[in-house]
Amino acid sequence: MAEAGDAPLAGVRVLELGAGYAAPTAGRMLRDFGAEVIKAEDPVNGDYARQWVPQKDGLSLGFGRLNSGKRSVGIDLRQQGGRNLVRRLAAEVDVVVESFRPGRLEGWGLGYDVLSERNPSLVLTRISGFGQTGPYRNRPGFGTVAETSSGFAHINGWPEHPPTSPPFGFADSIAGISAAMGTAMSLFRRERTGKGEVVDVALYEPLLFIVGDMVLKYTGLGEVQGRIGNATGAASPRGIYQSADGKFLSIAASNQMIATRLFTAMGQPDMIEDPRFATGPARLEHNDLLQKYVSDWVESLPRDAALAVLEEHEVVCAPVNDASDIVADPHFLERTLVGITGPGGWDSVMTPGPVLHLSGYEGPAYDGVPGIGEHTHEVLGAGLGLSGDELGELVAGGVITGRGDASG
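Analysis parameters
Along each chain, residues carry numbers from 1 onward, in the same order as the chain's sequence is written. Local features in a predicted model are, by the rule used here, given only for residues with pLDDT of at least 70; side-chain atom pairs are given and counted only at 80 or more, and totals for whole chains, interfaces and linings are based on all residues. As a rule here, side-chain values come from all non-hydrogen atoms in the structure, and water together with hydrogens is ignored. Domain start and stop points were drawn from an automatic or database domain assignment. At least two DSSP bridges between two strands are required for those strands to pair. Labels follow the DSSP assignment, with helices taken as runs of H or I lasting at least four residues and strands as runs of E lasting at least two, numbered in each case from the N terminus. Only the contacting stretch of a helix is used when fitting its axis, a line to C-alpha atoms as for every element, and angles between N-to-C directions run 0 to 180 degrees. The contact definition used throughout considers only heavy atoms, calling two residues in contact when any of these lie within 4.5 Å. Here the term buried applies to any residue with accessible area under 20% of the maximum for its type, exposed to any over 50%, and partly exposed to those in between, with areas from a 1.4 Å probe on protein chains only. Pairs of N or O atoms are called polar contacts if they sit within 3.5 Å, as long as, within protein, a hydrogen donor faces a hydrogen acceptor (for residues adjacent in sequence, only side-chain-to-side-chain pairs). What we call a nonpolar core is a set of buried Ala, Val, Leu, Ile, Met, Phe, Trp, Tyr and Cys residues that are connected through their side-chain atoms within 4.5 Å.

Examining the domain arrangement of the protein
Working step 1: Domain boundaries assigned for the protein yield domain 1 (13-210 + 374-397) and domain 2 (238-324).
Working step 2: For domain 1 and domain 2, the distance between their C-alpha centres works out to 44 Å.

Some thoughts on the sheet that holds strand S6 (residues 95-98)
Working step 1: Read across the open sheet, the six strands follow the order S5-S2-S1-S6-S7-S8; overall the sheet is parallel. The open sheet has two edge strands with one neighbour each: strand S5 (71-74) and strand S8 (198-202). Neighbouring strand axes in the sheet, compared pairwise and without regard to direction, differ in orientation by 20° on average.
Working step 2: Bridge count for strand S7 (residues 123-128) against S8 is five bridges, and the pairing is parallel. Bridge pairing in S8 links Leu 124 to Val 198.
Working step 3: Across the sheet, helix H1 (residues 22-32) touches strand S1 (13-16), strand S2 (36-41), S6 and S7, and the angle it forms with S1 is around 165°.

Observations concerning the sheet that holds strand S9 (residues 238-242)
Working step 1: Taken together, the three strands give an open sheet; going across it, the order is S9-S10-S11, and neighbouring strands pair in antiparallel fashion. A single partner strand is all that each edge strand has here, and the edge strands are S9 and strand S11 (317-319). Strand-to-strand twist across the sheet, computed as the mean angle between neighbouring axes with direction ignored, equals 20°.
Working step 2: Where S9 lies against strand S10 (residues 248-252), five bridges are found, and the strand directions are antiparallel. The residue of S10 that forms the bridge with Ile 240 is Ser 250.

Overview of the side chain of Glu 98
Working step 1: Tracing the sequence through the fold places Glu 98 in strand S6.
Working step 2: Residue classification places Glu 98 among the buried positions, given a relative accessible area of 0%.
Working step 3: Reaching out from Glu 98, the side chain makes a polar contact with the backbone nitrogen of Phe 100 at a distance of 2.7 Å.

Quick look at the nonpolar core
Working step 1: One finds Val 12, Val 14, Leu 30, Val 95, Val 97 and Ile 127 to be the most contacted residues of the largest nonpolar core, which totals 33 residues.
Working step 2: Listed by contribution, the elements that provide at least two residues to this core are H1, S6, S7, helix H7 (152-155), helix H8 (170-193) and S8.
Working step 3: It is H8 that provides the largest number of residues to this core, a total of seven residues.
Working step 4: Every residue in contact with Val 12, bar those within four places of it in the chain, is listed here: Ala 35, Glu 36, Asp 94, Val 95 and Leu 187.

Pasting the structure below:
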């Protein structure tokens, strides 16, 4: 494991005010590359993501994935005393990440105008359903709303079935990664100007960028893209195919060279001379027939045998993995998966590590999921200089977590 000083964000301090998925994802991205992340959460119930299932030994696995290695401070933002503490903490950090509905921070007296008055170099990263501006700014928004309003759900799935949202936090994750990127850019600009700024991320916008071709297709050609299953509508053959042993694999023969290799792998190299399959547009026009040829070939072989032939001919392909396949794969084990520590039974738990790799930095350890307010007295005492008596008064008033209150 690299020394802390090797991390690109070493020395950057982040105050995370968001709960759930998107803002904690941004916090994890920054923590993955060396930032110290102080997570402020409700002193009694904590981040509501702590209640997510599945759980192991009483702790949400999803919460653990996003919050391992952060320092938890239990602060009640509904009380003026709690908001005063946030102002003081914001004066000592480089970044505040929040995911409240637009206007909530301002209503609490925690808007950027207030926070930056004491800390002009502060970067305030804001994640909300529809952004800080525009007619929909005041609407509440979760990932499902972003996945439907962005158009993603409309084009996801098969034409004979209704629009489909993903079974995981797709929009939230992309928004969190985008927020981390925006935060890093703002920190980079701060090095030149000395001034902080606001990073404004709407849950739907990164996802709308990803499906942006559908917008160009309509505005450029007047065509509304529909659901086409595993196809792209842009290249053929491409899809997911079932092999003789019932397992699935993917093939993406999305350009002329790979299509030629695929036909050779299938034992039918002359197909590339067939006018129906000789060019990309021709293959799209005859996609149904071509897909049957490919499906029939894959169905004639066990998956491993089909993949071996495809890889020998340098055709872009992969098995359709489930979680048990992923954790047994030597490539993922070497490069991507890392252990995460938690309660006693977490010794076997693994999580995907950082989303990218830097040659000068080996990456973080996922060395403990904090209990609710576990680091409250450490951060507020040593960090802000609050005395024991002051901390005791805040505990008595329910503003912060008491020393014995921290729990997972």
